[in-house]
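# Geometric and topological summary
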Amino acid sequence: MSSGRVRVLRPEELGEGERERWRELRAATDAPRSPFMEPEFTVAVGRLRPRAGVAVLYDGAEPAGFLPYERGAWGQGRAIGFGVSDCQGAVLGPGHGLETGELLRACSVSSFVFDNLEAGQALFVPYAAEEHATYVIDVEKGYETYASVLRARSPKFLKTTLAKERRLGRQVGPLRFVFDERDPAALRTLMDWKSAQYRRTGRRDRFAREWIARLVGRLAETRAPQCAGTLSVLYAGGRPVAAHFGLRSASVLACWFPAYDPRFAKYSPGLVLHLRMAEAAAAEGIGLLDMGRGPAEYKDSLKTGELAVYEGAATRPGTGAALHWLSREPARRAHSFVRDRPRLASLASRTLKGAARLRRS
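The following refers to the structure shown. (Residues numbered from 1 in each chain as written. Predicted model: local features only at pLDDT ≥ 70, side-chain atom pairs only at ≥ 80, totals over all residues. Heavy atoms only, no water.)

## A closer look at the overall build of the protein
Broken down by element type, the protein carries eleven helices and 15 strands. For the protein, long-range pairs separated by at least 24 residues make up 73% of all intrachain contacts whose partners lie at least 6 apart in sequence. Per element, the accessible surface of the protein, about 17,100 Å² overall, is 51% carbon and sulfur. (Helix = DSSP H or I, 4+ residues; strand = E, 2+ residues; numbered from the N terminus. Contact = heavy atoms within 4.5 Å. Areas by Shrake-Rupley, 256 points an atom, 1.4 Å probe, with all protein chains shown as cover.)

## Some words on the environment of K299
With respect to the helices and strands, K299 occurs in helix 9 (residues 297-302). Sequence separation of K299 and V136 is 163 residues, and the distance between their C-alpha atoms is 8.2 Å. With near-sequence residues (within four places) excluded, K299 lies in contact with Y135, M291, G292, R293 and G294. Of note is the side chain of K299, whose polar atom sits 3.0 Å from the backbone oxygen of G294. (Polar contact = N/O pair within 3.5 Å; in protein donor to acceptor, adjacent residues only side chain to side chain.)

## Some remarks on the side chain of E165
By secondary structure assignment, the location of E165 is in helix 5 (residues 155-171). A residue is classified by how much of its surface remains accessible, and E165, at 13% relative accessible area, is buried. Not counting chain neighbours up to four residues away, the residues in contact with E165 comprise L175, V272 and R276. (Buried < 20%, exposed > 50% of the residue type's maximum accessible area, 1.4 Å probe, protein only.)

## Concerning the pattern of salt bridges
Per the counting criterion, the structure on display carries 21 salt bridges. Its salt-bridge partner being K303, residue E306 comes within 2.7 Å of it at the nearest N-O pair. Ionic contacts of the salt-bridge type, sharing partners, join the residues E16, E20, R23 and E40 into one network. (Salt bridge = Lys/Arg side-chain N within 4 Å of Asp/Glu carboxyl O.)

## Comments concerning a positive patch on the surface
The grouping of R166, R167, R170 and K266 at the surface amounts to a positive patch. The topology assignment puts R167 in helix 5. On the accessibility criterion, R167 (30% relative accessible area) is partly exposed. (Patch = residues over 30% accessible without salt bridge, like charges linked within 9 Å, V, L, I, M, F, W, Y side chains within 5 Å. Lys, Arg positive; Asp, Glu negative; His and termini not counted. Charge placed at Lys NZ, Arg CZ, Asp CG, Glu CD.)

## Details of the layout of surface pockets
Taken as a whole, the second largest pocket spans an internal volume of roughly 360 Å³. Surrounding the second largest pocket, 18 residues form its lining, T29, A90, L92, G120 and Q121 being those nearest its centre. Contributing elements (two or more residues each) for the lining of the second largest pocket: helix 1 (16-27) and strand 6 (91-92). Of the residues that constitute the lining of the second largest pocket, the class distribution is ten nonpolar, five polar and three charged. (1 Å grid on protein atoms, 1.4 Å probe; cavity = no way out; pocket = protein on both sides within 12 Å on 5 of 7 lines; lining within 4 Å. Points joined across faces, edges and corners; volume = space filled by probe spheres on them. Nonpolar A, V, L, I, M, F, W, Y, C, P; charged D, E, K, R; others polar.)

## Things to note about empty space enclosed by the protein
Taken as a whole and assessed by the stated rule, the structure comprises one cavity of 30 Å³ or more. Its boundaries defined by the atoms lining it, the largest cavity holds a volume of some 40 Å³. Lining the largest cavity we find F36, M37, P68, A79, I80, S85, C87, Q88 and G89. The residue makeup of the lining of the largest cavity, split by class, is six nonpolar, three polar and no charged.

## Section: the side chain of R19
Following the sequence through the fold, R19 ends up in helix 1. At 4.7 Å, E16 is the nearest oppositely charged side chain to R19, a buried residue that forms no salt bridge. Setting aside residues up to four positions removed in sequence, R19 forms contacts with P11, E12, L14, P39 and V43.

## As for helix 1
Here helix 1 is twelve residues long and its end C-alpha atoms lie 16 Å apart, about the 16 Å a rise of 1.5 Å per residue gives. All of the buried residues along helix 1 are E18, R19, W22, R23, L25 and R26. The arc that holds the buried residues of helix 1, viewed along the axis, is 165 degrees, so those residues lie on one side. On its buried face, helix 1 sits against strand 2 (6-9), helix 2 (39-46), strand 3 (52-59), strand 4 (62-71), strand 6 and strand 7 (111-118). (Expected span 1.5 Å × (residues − 1). Arc of directions from axis to C-beta.)

## Observations concerning the packing of helix 2 against helix 7 (residues 210-220)
Helices that pack against each other are described as a pair by the angle of their axes relative to one another and the distance between those axes. The interhelical angle for the contact between helix 2 and helix 7, taken along N-to-C directions, is 135 degrees, at an axis separation of 10 Å. Taken together, the axes of helix 2 and helix 7 are oblique relative to one another. Helix 2 and helix 7 meet at a crossing whose hand is right-handed. Contact residues: helix 2 offers F41, A44 and V45, while helix 7 offers W211, L215, R218 and L219. Per-class residue counts for the contact of helix 2 with helix 7 are six nonpolar, no polar and one charged. (Axes fitted to C-alpha atoms, helices over the stretch in contact; angles between N-to-C directions. Parallel < 35°, antiparallel > 145°, perpendicular 65-115°, else oblique. Left-handed = near helix turned anticlockwise from the far one by under 90°.)

## Here we look at the nonpolar core
Counting residues in each nonpolar core, the largest one holds 43 residues, and the members touching the most others are F41, L215, L219, F245, L247 and W256. Among the secondary structure elements, those contributing two or more residues to this core are helix 1, helix 2, strand 3, helix 6 (184-200), helix 7, strand 11 (227-236), strand 12 (239-248) and strand 13 (252-260). Top element by residues in this core is helix 6. It accounts for six residues. Of the residues that make up this core, three or more belong to each of domain 1 (6-133 + 309-348) and domain 2 (135-306). Ignoring sequence-local partners within four residues, the contact set of W256 consists of F36, F41, V84, D86, L215, L219, H244, F245, G246 and L247. (Core = buried A, V, L, I, M, F, W, Y, C linked by side-chain atoms within 4.5 Å. Domains from an automatic or database assignment.)

## Considering the environment of A196
Note that A196 resides in helix 6. When the C-alpha atoms of A196 and A259 are compared, they prove to be 9.6 Å apart, with 63 residues separating the residues in sequence.

And the structure:
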């Protein structure tokens, strides 16, 4: 379908010329080149999500921009891969002159919901309801420079973590780190660990949703220069003790699904894994590890800085906008109320964990 200078395609219908133009536009921005914003991620999601689409904006015969999205019930739209994508938005050239309402109308959606909108998205940031921090590790100047930052900020943290790494090697067996592991069994182990972690902490198991598990499997086989699935594994005594699956571009490693074997928790294998990932990423010429939004103690220990991402929804007047508000806004405000009050958030976390233990008993 098309509307004036906007044409809507299925992601897999994008030709190689359109995909290359997408990459050119992305390369021309000042934003970190997140692999979630590359055409390969959109195409992978599109093959699993029947309501996925891409609005292609034209300047004459030349593609001038792209908006990947999914169309939900009642014509409500949302960012492609909503709920799992850690970077969202449109890929636009300068001077496109498009209005948000015009784009939503061309996509036949009443709203565009986002929860990890990239900073600098001028079409959608004005509609943000909340700003969040995404935690990053800067290794642009090399791993040793990063390590010196950690030593200066918290000498005990790095010293203790490296001591645990040595103890793990002595007590469990020789350590081996693989930055880009291709063994499917290692990926299955990681997904099992992560599912158990979700259940243990009372959170919804993402891998219980078939399309997410299949998406990770597809992306594990993706080897595009700006969007490559990357499974990193820390082995001790020949067995995996911690692993991470994410996506990488030439300059950004998007940290996505980290987990470890809880039997080895006393050695902090997850922290050790992240240090080795940072070291390997720096050696590969990757300058930034993006650990995603959401506070966590390990992120506070490892981070060198923060970037802004946004949550909210762009809407156009009509019934669809009202339906969006009723279906999402009360829950979002309740979550925000709890998140902004540490004591209440801690109580909620303990309650979820207790409920999870009761379900298992």
